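Next come the chains, spelled out residue by residue.
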Amino acid sequence: VPLLVGDKVLGVLVVQSLQENVYNEGHQHILTAIASQAAIAIEKARLLQEAIQKRNQLATLYEVGKRATTMITDAGALLPWLAEEAAGLLQADGAGFRVREGDQLVMGGRTESVCDIMPDTPVVVGESLSGRIVQENRPLVSADLRTDARVSDQRHAEAVRTGFCGFLGVPLRHRGEAVGVLNVYTKSPRQFSTGDIELLSTFADQAAIVLDNTRLWQEAVQKSQQLA
């Protein structure tokens, strides 16, 4: 019998016997009642798990935002640290930022684990997955970089060599304009969910604000030095 919560099928409950013609309609009713209770328990456990995960994610976003404001004077350490936090937030194996400079995306900061799959070489806006994310100003998901038709043969080979498969990239937006990209990678194929995309996009928006504050602070320091 199906495990049902409303019209949603969670699975199936099966009983078997070595004897023939053992079960009748009464057995089916009993099993259906048991399956209904089991389905309710499973759904409640899932909802509780999601609530706990959401609470932890919100707590992480809050802590990242609070700490990031104290790091605006150290731009060199800020993005690598944010990359580590982004990877942890989505339980990914690595993450990195690229920042737009003209028609190129240059390395901003990354976890050590993605140095090979996300090298220092600048990326042209509109080319590669990162370039497309910035050009189109929207997130992009690849469940498996090794087989994704949008990825070049060279990138396929890099994914095979480095062991990275799953990919999610979101734009860094300042006043609605894509000024960079935040990518996360996993070492197993992964179809990132809508919730994952929304979560990383929220994180990226927060990072973009911190980066702009860092830029403003640096400009203020330079002006004060000129006046001195």
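Attention in this report is confined to the structure presented alongside it. (Residues numbered from 1 in each chain as written. Predicted model: local features only at pLDDT ≥ 70, side-chain atom pairs only at ≥ 80, totals over all residues. Heavy atoms only, no water.)

1. So, the pairing of strand 8 (residues 177–186)
Test applied: Relative accessible area decides the class of each residue, using a 1.4 Å probe on protein chains only: under 20% of the type maximum gives buried, over 50% gives exposed, and in between gives partly exposed. Each helix corresponds to a stretch of at least 4 residues labelled H or I by DSSP, and each strand to a stretch of at least 2 residues labelled E; elements are numbered beginning at the N terminus. Only strands that DSSP links by at least two bridges are regarded as paired with each other.
Burial of strand 8 is extensive: eight of the ten residues sit out of reach of the surface. Pairing analysis gives six bridges linking strand 3 (residues 94–101) to strand 8, with the strands arranged antiparallel. By the bridge assignment, G94 is partnered in strand 8 with Y185. Where strand 7 (residues 166–174) meets strand 8, nine bridges bridge the pair, whose relative direction is antiparallel. Residue pairing across strands places R173 opposite A178, the latter belonging to strand 8. Where strand 7 folds back on strand 8, the antiparallel hairpin that results is connected by two residues, among which R175 adopts a positive phi of roughly 55°.

2. A look at the nonpolar core
Applicable threshold: Within this scheme, the nonpolar core is defined by two criteria: the residues are buried Ala, Val, Leu, Ile, Met, Phe, Trp, Tyr or Cys, and they are joined through side-chain atoms within 4.5 Å. Whether two residues touch is decided by their heavy atoms; if any such pair falls within 4.5 Å, the residues are in contact.
Counting residues in each nonpolar core, the largest one holds 28 residues, and the members touching the most others are L82, F97, L182, V184 and F203. Secondary structure elements with two or more residues in this core: helix 1 (25–68), helix 2 (75–89), strand 3, strand 7, strand 8 and helix 5 (194–227). Take this core: its biggest share by element is eight residues, from helix 2. Not counting the four nearest positions on each side in its chain, L182 is found in contact with A86, G96, F97, L168, G169, V170, L172, L200, F203 and A204. I133, V134, F164 and A178 belong to the second-largest nonpolar core, a separate cluster that totals 18 residues.

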